[in-house]
Every structure is written in structure tokens, then in C-alpha cells.
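# Summary of the model geometry
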Amino acid sequence: MARGFLLASVLASIAVAYTLMGLLRVPEIPSLPQNPWWGRGKPQPEDTSVRPFTINVPDEDIEDLRIRLALPLRLTAPLEGANFTYGTNSDTLKQIIGYWKQEYHWKEREAKLNKFQHYKTKIEGLDIHFIHAKPRQNPNNVNKPIPLLMIHGWPGSFVEFLGILPLLTSPEEGSGRVFEVVCPSLPGYAFSQAAAKPGLGLQETAQIFLKLMKRLGHDRFYVQGGDWGAGVATQMATLYPENLRGVHLNMFRPQTTAGKIKQVLGAVLPSGTLMAKEEEDMVYPLLEHAKWLLGESGYFHIQATKPDTIGAALAQSPVGLASYLLEKFSTWTKRGNVRQPDGGLLKGFPIALDTLLDNICIYWFTNSITSSMRYYAENTSPERAAIDTANIPSEVPAGLAAFPEEVLSSPRSLMAHKFHDIVTYTRPEAGGHFAAMEQPAILAKDFRAFVAAVEAREES
Ligand SMILES: *[C@@H]1O[C@H](CO)[C@@H](O)[C@H](O)[C@H]1NC(C)=O
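### Looking at the overall build of the chain
Helices and strands together make up the secondary structure of the chain, namely 18 helices and nine strands. Expected size for 460 residues packed as a compact globule is a radius of gyration near 23 Å; at 23 Å, the chain falls within 12% of this value. By its C-alpha atoms, the chain is 80 × 60 × 50 Å across when sized along the principal axes. Counting every atom, the chain has about 21,700 Å² of accessible surface; 56% of that belongs to carbon and sulfur. Computed over 45 positive and 47 negative side-chain charges, the inter-centroid distance for the chain is 3 Å.

Put into C-alpha cells, the structure is as follows:
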């Protein structure tokens with residue numbers, strides 16, 4: 001009996017060890033098809049020119065929106081005292097729709113958006129839209145602009161970056177360092193065409209954006225992003241390390257199995273064992289964090305499974321679309337906003353209501369809410385899970401900024417399994433998920449400090 005038990009224990013230990021070794025194995029870098037075709041039908045010869053683009057929403061689309069917004073609202077009165085805890089509060093929504101109808105003027109906003117240089121170019125069968133923000137010609141610009149790719153997420157768009165662009169394209173006092181920034185729209189978002197075929201996820205986007213940067217003459221550049229933008233940036237740091245001077249993220253979580261195991265073990269081991277004590281609040285108490293995430297991620301499950309179903313409703317009603325997107329802006333800038341009657345949106349919100357509406361209008365006029373939500377399905381499909389890049393470490397210099405109200409953050413020691421060369425790891429004093437919109441100056445400063453550290457190393 002005892003011998004049988006011993007044998008069983010030894011066999012079990014060997015099985016556990018093998019499983020762990022399997023889990024901790026570093027996979028090969030997958031080779032993606034290099035020239036897929038995401039457009040309709042069969043591949044065709046492609047016009048690779050880069051064409052200037054001006055946003056010009058047709059009058060009939062503006063009129064169509066006006067008509068829909070003028071319809072009587074069919075909102076359900078909020079529960080007493082619920083604020084935003086049941087989702088977007090319909091009293092607040094009513095006020096915002098009123099503002100949208102009466103005080104927000106698309107043509108004026110459009111003119112503001114067009115102050116930036118927009119372009120489109122065809123890649124892999126899709127029209128890809130981007131802003132190309134270059135430093136103004138200025139005799140004081142002695143430094144060559146540093147190329148930077150900035151990538152937005154959901155439910156954002158290039159609108160996220162309009163506040164930070166002028167900060168990055170102006171030379172920094174002292175160093176004179178200045179950036180040339182390319183802000184593309186993810187495929188299926190805003191003015192970037194949506195794939196006609198399934199399968200365009202983070203890795204495929206990484207390839208498309210690398211082709212974009214090369215087409216613009218940039219073989220080596222920095223990349224910055226949050227949300228899906230951070231996902232694409234991380235893929236680029238994994239798949240194309242030779243093309244990146246550095247990767248800077250404002251949203252991240254442990255991707256590697258080792259990092260995840262550490263996160264779980266850290267919950268039972270004495271404080272300070274696996275990570276710095278002052279970083280533990282980011283992930284512990286584990287159960288509380290998990291519960292909060294579960295309560296906030298219903299949208300994720302819907303979008304990862306049945307995006308087209310809800311898409312039909314959101315694409316039909318601007319009020320529904322606003323409700324769906326505003327809730328994310330409310331909670332992801334500050335968790336406590338769910339307990340505010342206005343979700344924090346109307347008083348002292350870090351993002352101007354006009355800017356929130358610009359972003360909603362971009363989704364509306366381009367009718368891209370459904371294709372934007374499909375991105376979740378593409379990135380969580382079983383086929384996707386088979387291409388495991390999460391466990392491939394990156395040697396690219398990394399800068400990680402954990403904003404205090406960010407939805408997902410992770411201690412440095414858990415991220416170090418993925419990023420072997422973390423140059424800066426910071427916890428900025430203010431800001432949430434939409435850091436570029438909420439705190440453009442803080443994000444710009446953090447990014448600049450990261451680049452300064454990387455460049456100083458290269459010079460020495
Ligand atoms: C809703 O807001 C009111 C007013 O600020 C507050 O007194 C109440 O506690 C809040 N309720 C919830 C559920 O957050």
C-alpha cells in the first residue's frame with residue numbers, strides 16, 4: 001500500500017513537472033502568411049500610393065443622424081439611487097443627447113479633425129487610414145524627428161491622440177527631441193476599411209502597420225499604445241524586434257504563463273516575496289480584482305462571441321451607440337464613477353464632452369461599431385489561441401506606465417517575463433484607461449522619459 005502510494009506520488013510529480021515544463025516552454029515565433037488578402041474576393045494588384053484624405057461626411061449622413069436624434073427617446077427611467085451601477089444612467093444619457101442635438105456641431109468639429117494631415121493607403125486589400133503628424137518646419141528643430149507609431153484601442157479611435165500629438169511634434173526644451181507620429185486607425189475602425197474575411201487580429205494588424213511604417217520610409221521606430229493598441233504594439237515587439245527602437249505601453253497584464261503562475265502564487269505567499277510590496281495593490285486581493293473585472297467585462301464576452309447581434313442595434317441608433325460607449329468612458333477613467341449620478345461625465349470629467357462626441361460620431365458616421373467589436377472575436381478565437389506569442393519574450397527596450405485608474409495593470413516583476421529589457425516602469429500620478437485623452441501631458445512626459453533613457457544608452 002505504502003509502496004503503491006509512493007509510486008503514485010512519484011508519477012504524479014513527474015506529470016506535474018512535465019506539464020509545468022510544457023507550460024513554461026518558449027514557443028517558436030509563428031510565421032504568418034506574408035501577403036494575405038483581407039479585401040472582398042480574390043487578391044488583386046494593389047495601388048500602393050499614399051493618398052491625402054479629408055474627412056467630409058456627406059450632408060445626407062448628417063441629416064440622417066439629425067433625424068434619428070430627433071426621434072422621441074424611449075429610455076427606461078433609472079432605478080432610484082442606482083447612478084451608473086446598472087450601466088449608463090438614462091437621465092444622464094438624456095442630457096448628453098440633448099447637448100449632442102443642440103450644442104454640438106459636427107461640421108465645426110470635422111474642421112478641427114481636418115487640421116491634422118490624414119492619409120489613406122492600400123495594404124493587403126484594405127484602405128488603411130492614418131494621421132501623419134510631422135513637426136512644423138522650424139529653424140530651431142535641429143534634431144531629426146524620431147518616428148513613432150501610436151495605436152488606439154476600443155472604444156476609442158485616432159481622436160484619442162489629438163491632444164497629445166502637438167506635445168510630441170514640438171521639440172522638447174533642452175534635448176530638442178521631437179517626434180514624427182503616425183496614428184493609424186485599426187482595420188475596421190473609423191476610416192480604415194474592415195476585413196471582408198475572418199481572421200484579422202492583433203498579429204495581422206502588427207504586420208499591416210509594419211508595412212505602413214516601411215511604406216512611409218521608417219524601418220526602425222518607436223511604438224506606443226494602450227488597450228488593443230498595446231496588444232498590437234506587444235505583437236510588434238514579439239514578431240518584429242529588429243524594427244522597433246522601443247515599445248511603450250499604458251495598459252498591460254502578465255501574458256506569459258510564468259507571470260500568471262506568479263500572480264496566483266503571490267496571493268498565498270508572504271507579501272513582498274514575488275513582487276515589490278508597493279505594487280501588490282495592482283493585483284491583490286486577487287478575488288476582489290477578479291470580481292471587479294468580471295462585473296466590468298460582460299461587453300468583452302458579447303463582442304468576443306456575437307458581435308454582429310448587438311452590432312445591428314448599435315448601428316441603428318445613435319442613442320444606443322452613445323449609451324454603450326459612454327459607459328466605458330465613465331468607468332474606465334475612474335472606477336468610482338459608477339456611484340456618481342452622472343457617471344462623472346458631466347462635471348469635472350477629464351475629457352471634454354465635445355471630444356467624447358467626436359469619437360462617437362466617428363463610430364457613427366463610418367458605421368464601424370460592428371467591425372470594431374469583431375476584433376474581440378478575432379483575438380479570442382480557437383485558431384488564435386493556437387498561435388501562442390504570449391510566451392515569446394521580447395528583448396525590445398520597453399517602457400511601462402501603470403496609470404492609477406487603468407483597468408488592467410501589472411507589477412514590474414510579472415511583466416519582466418515578457419519584456420526582458422524594461423527600461424522604465426512608472427506609476428503616473430493621475431489618469432486611467434484613456435491616458436492620452438485624459439492626461440496627455442503626463443503620458444507625453446512619461447513617453448519622453450522612456451525614449452531619453454533608451455537613446456542615452458545607445459549614445460553611450
Ligand atoms: C448615487 O449617488 C448619490 C448622490 O451622490 C449617492 O448619495 C448614492 O450613495 C449613490 N448610490 C450608489 C448606488 O452609488
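### Some points on a nonpolar patch on the surface
A cluster of nonpolar residues, L265, V268 and L269, forms a patch on the protein surface that exposes about 270 Å² of accessible area. On the basis of relative accessibility, which here comes to 42%, the residue L265 falls in the partly exposed class.

### Re the sheet that holds strand β7 (residues 244–249)
If you walk across this open sheet you meet the nine strands as β1-β2-β3-β5-β4-β6-β7-β8-β9, and the pairing is mixed. Two strands close off the open sheet at either side, each with one partner strand: β1 (50–53) and β9 (422–426). For this sheet, the mean angle separating the axes of adjacent strands, direction not counted, is 25°. Here β1 runs beside strand β2 (residues 118–123); their pairing, made up of four bridges, is antiparallel. Counterpart to R51 in the pairing with β2 is K120. Along the sheet, helix α6 (residues 202–215) contacts β1, β2, β3 (126–133), β4 (146–151), β5 (179–184) and β6 (221–225); its crossing angle with β2, the most-contacted strand, is approximately 115°.

### A look at the side chain of D342
With respect to the helices, strands and loops of the structure, D342 is situated in the loop between α12 (318–333) and α13 (353–365). K347 provides the closest opposite charge to the buried, salt-bridge-free D342, at an N-O distance of 4.6 Å. From its side chain, D342 meets the backbone nitrogen of G344 in a polar contact 2.7 Å long. Within the local environment of D342, its side chain forms a polar contact with the backbone nitrogen of K347, the two atoms lying 3.2 Å apart. With residues up to four places along the chain from it excluded, the contact list for D342 reads F84, T92 and K347.

### Some words on the site of the ligand
Neighbouring the ligand are the residues G81, N83, R339 and P341. Here G81 contributes a backbone N or O atom positioned 3.1 Å from a nitrogen atom of the ligand. Residue N83 places a side-chain N or O atom 2.4 Å away from an oxygen atom belonging to the ligand. Out of a free accessible area of 360 Å², the ligand has 43% covered by protein chains. Looking at the shell around the ligand residue by residue, the classes come out as one nonpolar, two polar and one charged.

### A short note on α6
Compared with an ideal rise of 1.5 Å per residue, which puts 14 residues at 20 Å, α6 spans 20 Å between its outermost C-alpha atoms and is within 8% of the ideal. Of the residues flanking the end of α6, it is G217, one or two places downstream, whose phi is positive at about 90°.

### Brief notes about the environment of P58
Along the polypeptide, P58 turns up in the loop between β1 and α2 (59–70). Look at P58 and you get partly exposed, because its relative accessible area is 35%. When the C-alpha atoms of P58 and F365 are compared, they prove to be 9.2 Å apart, with 307 residues separating the residues in sequence.

### A short note on the packing of helix α11 (residues 307–316) against helix α14 (residues 369–378)
Contact geometry of α11 with α14 gives a least axis separation of 9 Å together with a crossing angle of 160°. Judged by the angle between their axes, α11 and α14 are roughly antiparallel. The crossing of α11 and α14 is right-handed. Between α11 and α14, the residues in contact are P307, D308, I310, G311, A312, L314 and A315 and I369, T370, M373, R374 and A377, respectively. Looking at side-chain class alone, the contact of α11 with α14 contains eight nonpolar, two polar and two charged residues.

### Quick word on the pattern of salt bridges
Under the counting rule described, the total for this entry stands at 14 salt bridges. A salt bridge links R68 to D64, with the nearest nitrogen and oxygen atoms 2.7 Å apart. With a gap of four residues between them, R68 and D64 both fall in helix α2, about one helical turn apart. With a shortest N-O distance of 2.7 Å, D421 and R457 are connected by a salt bridge. Taken together, the residues D421 in the loop between α16 (412–415) and β9 and R457 in helix α18 (residues 440–459) connect sequence positions 36 residues apart. Using a relative accessible area of 40% as the deciding quantity, one classes R457 as partly exposed. Here the salt bridges do not stand alone but share partners, grouping R109, D354 and D358 into one network.

### Points about the pairing of β7
Burial of β7 is extensive: six of the six residues sit out of reach of the surface. Where β6 meets β7, five bridges bridge the pair, whose relative direction is parallel. Across the sheet, Q224 pairs through a bridge with H248, a residue of β7. For the crossover from β6 across helix α7 (residues 227–239) to β7, the handedness is right-handed. In this structure, β7 lies alongside strand β8 (residues 398–401), joined through three bridges in parallel fashion. Of the residues in β8, the one forming a bridge with L249 is L400.

### A word on the packing of α12 against α13
Look at α12 against α13: their axes get within 10 Å of each other, and the N-to-C directions meet at 130°. Considering the angle they form, α12 stands oblique to α13. Considering how the two elements wind past one another, α12 and α13 form a crossing that is right-handed. Residues P318, L321, A322, L325, L326 and F329 of α12 form the contact with α13, whose own contacting residues are L356, N359, I360, Y363 and W364. By residue class, the composition of the contact of α12 with α13 is 10 nonpolar, one polar and no charged.

Conventions we followed
Residues numbered from 1 in each chain as written. Predicted model: local features only at pLDDT ≥ 70, side-chain atom pairs only at ≥ 80, totals over all residues. Heavy atoms only, no water. Helix = DSSP H or I, 4+ residues; strand = E, 2+ residues; numbered from the N terminus. Rg over C-alpha atoms; globule rule 2.2 N^0.38 Å. Areas by Shrake-Rupley, 256 points an atom, 1.4 Å probe, with all protein chains shown as cover. Lys, Arg positive; Asp, Glu negative; His and termini not counted. Charge placed at Lys NZ, Arg CZ, Asp CG, Glu CD. Patch = residues over 30% accessible without salt bridge, like charges linked within 9 Å, V, L, I, M, F, W, Y side chains within 5 Å. Salt bridge = Lys/Arg side-chain N within 4 Å of Asp/Glu carboxyl O. Buried < 20%, exposed > 50% of the residue type's maximum accessible area, 1.4 Å probe, protein only. Pairing = 2+ DSSP bridges. Axes fitted to C-alpha atoms, helices over the stretch in contact; angles between N-to-C directions. Contact = heavy atoms within 4.5 Å. Polar contact = N/O pair within 3.5 Å; in protein donor to acceptor, adjacent residues only side chain to side chain. Near = heavy atom within 4 Å. Nonpolar A, V, L, I, M, F, W, Y, C, P; charged D, E, K, R; others polar. Expected span 1.5 Å × (residues − 1). Parallel < 35°, antiparallel > 145°, perpendicular 65-115°, else oblique. Left-handed = near helix turned anticlockwise from the far one by under 90°. Right-handed = clockwise from strand over helix to strand, strands pointing away.

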